[in-house]
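Survey of secondary and tertiary structure
Single-letter residue listing:
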Amino acid sequence: MSVQVEDLTKSFSTKAAPTVFQANFEAPSGGITTLLGPSGSGKTTILRIIAGLESADAGRVLVAGEDITPVPVQKRGFGLVFQSFALFGHMTVRENVAFGLRTQRAPKDQIDARVAELLKLVQLEGHGDRYPGQLSGGQRQRVGFARALAPRPRLLLLDEPFGALDTRVRLELREWLRLLHEATHLTTILVTHDQEEALDLSDRIVVMDAGRIQQVGSPNEIYQSPSTPFVASFIGSANVLSGRVSAGHAQVASLSLDVPANTPDGTAVRAIVRPHDIRIERAGNGNGVCSRRTAAGRISRMVNLGAHVKLDLALTTGDAVTVHVARREYDGLGLVAGESVLVDLESARVFVEDYVI
Amino acid sequence: MGVVLAMVFVGLPFAVRSVQPVLMELGPELEEAAAVLGASRLRTFLRVILPLLAPPLLTGFALAFARAVGEYGSIVFISGNMPNHTEIVPLLIVTKLEQFQYQQATALAVVMLAGSLVTLLAVNLLQAWNRRWTGHA
């Protein structure tokens, strides 16, 4: 059941910029597609339009090739899981899960069998007669999943399903969701602002910012070759260094980096480099010659983060750079705060900014 | 008929005031969840919204009832005080008192008191039953 979103645009106010502007992407059948972005980027709005809770100003949504725009929310047959759980507090867990089946007027024995099956799936067999108010957050959200899955939806929509849970429960449920998806291969669209969750669960990630889709790709593509500085800095951590083009090269900090041919001099550029992709060595031990790709600096702060050590560097040009050094390498180098070092920014990616003529 | 009208007029604000905050706090998620699961608006109202409003509705009813039991001013104005037709107990009590028939007035009052007690007790029991899903039982 693939989902295609075509030119979706939605504004909530005529004065402000559109909440979603000409969004285009496809969620492949049987996969998890994640809408990832900071809050206010329009990802939830897209999900709500797909669910039928919101109508688009322009554009359409195709499910398995069929335009579902005119289909009312009740007839779409999708499952939706809310960040706030939105369970019916006056109904038992069993009644909550049965709600969708009852509206379909399924026979009672079928409902009972399906509810029992779902409670087993979400590991809440013994809790069928409890009320949501008597369950923990993680258990409540599992009821939310069971309720959404009970009527055998064509499509599962998840609106920040783990957003209201604490870290440990979130990781548990994420793992559980992955196993569930491997077992069912139900086409799923997940909305989250947690990049780790997105990288972990998704077959395809749609990165959004300010109502526009920035990049669509597999987790690896998004991480390895971000198409905009926003994507680079939003997915994983990244150092952003600003500079300008001069004599055919980007001059960033004390570096001279390659730019696409024919980029005019004076164009603003940004170089993005991941903290763990930076190699560091002690200055003045002979082999560290300041080259086109290395910069000199001083360690201003060191923070021990367990698996790696985070170094904040002040470069001689005034730029600040964060470097992650693996523990073993750090122990070998024996660096101290305040020391002068050379950093190798080989892996920096240069983005030429759009300029207006 | 006039009595009922007068009591609705006097009691309605109590019911509205107790339902209103609950209704405002409800938020759209529950209705949306029901809609996504295929429930029509009517079904959503009957199965999801109304049960949640039962406790404040009961509270409102209890308050309105308490007010109505002792009320006679508005009834006299709206329905007159026609003997055997729109005569009400509180007014009877006053009449008896004015005629110095203290025993009869007291008897009437005791009946009223017992009736009120039973009704309020019933409301309280209903509310306790309704609260079963809110806290830990």
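Relevant structure appears above.
Please read these numbers as outputs of a predicted model, since none were measured by experiment. (Residues numbered from 1 in each chain as written. Chains lettered and ligands numbered in written order. Predicted model: local features only at pLDDT ≥ 70, side-chain atom pairs only at ≥ 80, totals over all residues. Heavy atoms only, no water.)

Here we take up the interface of chain A and chain B. At the interface, 25 residues of chain A touch 22 residues of chain B. Counting the surface lost from both chain A and chain B, the interface buries some 2100 Å², and carbon and sulfur atoms represent 64% of this. Connecting chain A to chain B are 1 salt bridge. Where chain A touches chain B, the interface holds 4 residue pairs in polar contact (both at pLDDT 80 or more). When contributions to the side of chain A that touches chain B are tallied by element, the ones reaching two or more residues are strand S6 (78–81) and helix H2 (93–103) of chain A. Take the side of chain A that touches chain B: its biggest share by element is 4 residues, from H2(A). (Contact = heavy atoms within 4.5 Å. Buried area = accessible area lost by both parts, 1.4 Å probe. Salt bridge = Lys/Arg side-chain N within 4 Å of Asp/Glu carboxyl O. Polar contact = N/O pair within 3.5 Å; in protein donor to acceptor, adjacent residues only side chain to side chain. Helix = DSSP H or I, 4+ residues; strand = E, 2+ residues; numbered from the N terminus.)

The next thing to look at is the layout of surface pockets. Residue and element names in this part refer to chain B. Put simply, the second largest pocket is a space of about 310 Å³. Along the walls of the second largest pocket sit 16 residues, with Glu31, Glu32, Ala35, Arg41 and Thr44 positioned nearest its centre. Every element with two or more residues in the lining of the second largest pocket is listed here: helix H2 (29–36) and helix H3 (41–69). Per element, the largest residue contribution to the lining of the second largest pocket is 4 residues, and it comes from H3. Broken down by class, the residue content of the lining of the second largest pocket amounts to 9 nonpolar, 4 polar and 3 charged. (1 Å grid on protein atoms, 1.4 Å probe; cavity = no way out; pocket = protein on both sides within 12 Å on 5 of 7 lines; lining within 4 Å. Points joined across faces, edges and corners; volume = space filled by probe spheres on them. Nonpolar A, V, L, I, M, F, W, Y, C, P; charged D, E, K, R; others polar.)

Backbone-to-backbone hydrogen bonds pair the strands of a sheet. The strands run either parallel or antiparallel. Residue and element names in this part refer to chain A. Strands sit in the order S15-S19-S16-S17-S18 across an open sheet of 5 strands; the sheet is antiparallel. Every other strand in the sheet has two partners, leaving strand S15 (279–282) and strand S18 (320–326) as the edge strands with one partner each. Direction aside, the axes of adjacent strands within the sheet are offset by 45° on average. Two strands pair when backbone bridges link them, and strand S16 (residues 294–304) and strand S17 (residues 308–315) are joined in this way by 7 bridges, in the antiparallel orientation. Among the inter-strand pairings, Asn304 is bridged to a residue of S17, identified as Val309. (Pairing = 2+ DSSP bridges. Axes fitted to C-alpha atoms, helices over the stretch in contact; angles between N-to-C directions.)

Another aspect to go through is the packing of H2(B) against H3(B). Residue and element names in this part refer to chain B. Contact geometry of H2 with H3 gives a least axis separation of 10 Å together with a crossing angle of 155°. With respect to H3, the axis of H2 lies roughly antiparallel. Helix-helix and strand crossings are classified by hand; for H2 and H3 the assignment is right-handed. On H3, the residues touching Leu30, Glu31 and Ala34 of H2 are Thr44, Val48, Ile49 and Leu52. (Parallel < 35°, antiparallel > 145°, perpendicular 65-115°, else oblique. Left-handed = near helix turned anticlockwise from the far one by under 90°.)

Moving on to the pairing of strand S9 (residues 204–209) of chain A. Residue and element names in this part refer to chain A. As paired elements, strand S3 (residues 32–36) and S9 share 4 bridges and run parallel to each other. Directly across from Thr33, in S9, lies its bridge partner Arg204. Alignment of S9 against strand S10 (residues 212–217), held across 5 bridges, turns out to be antiparallel. Along S10, the bridge assignment pairs Val207 with Gln215. A loop of 2 residues connects S9 with S10, the two strands running antiparallel in sequence, and Ala210 in this loop sits at a positive phi of about 50°.

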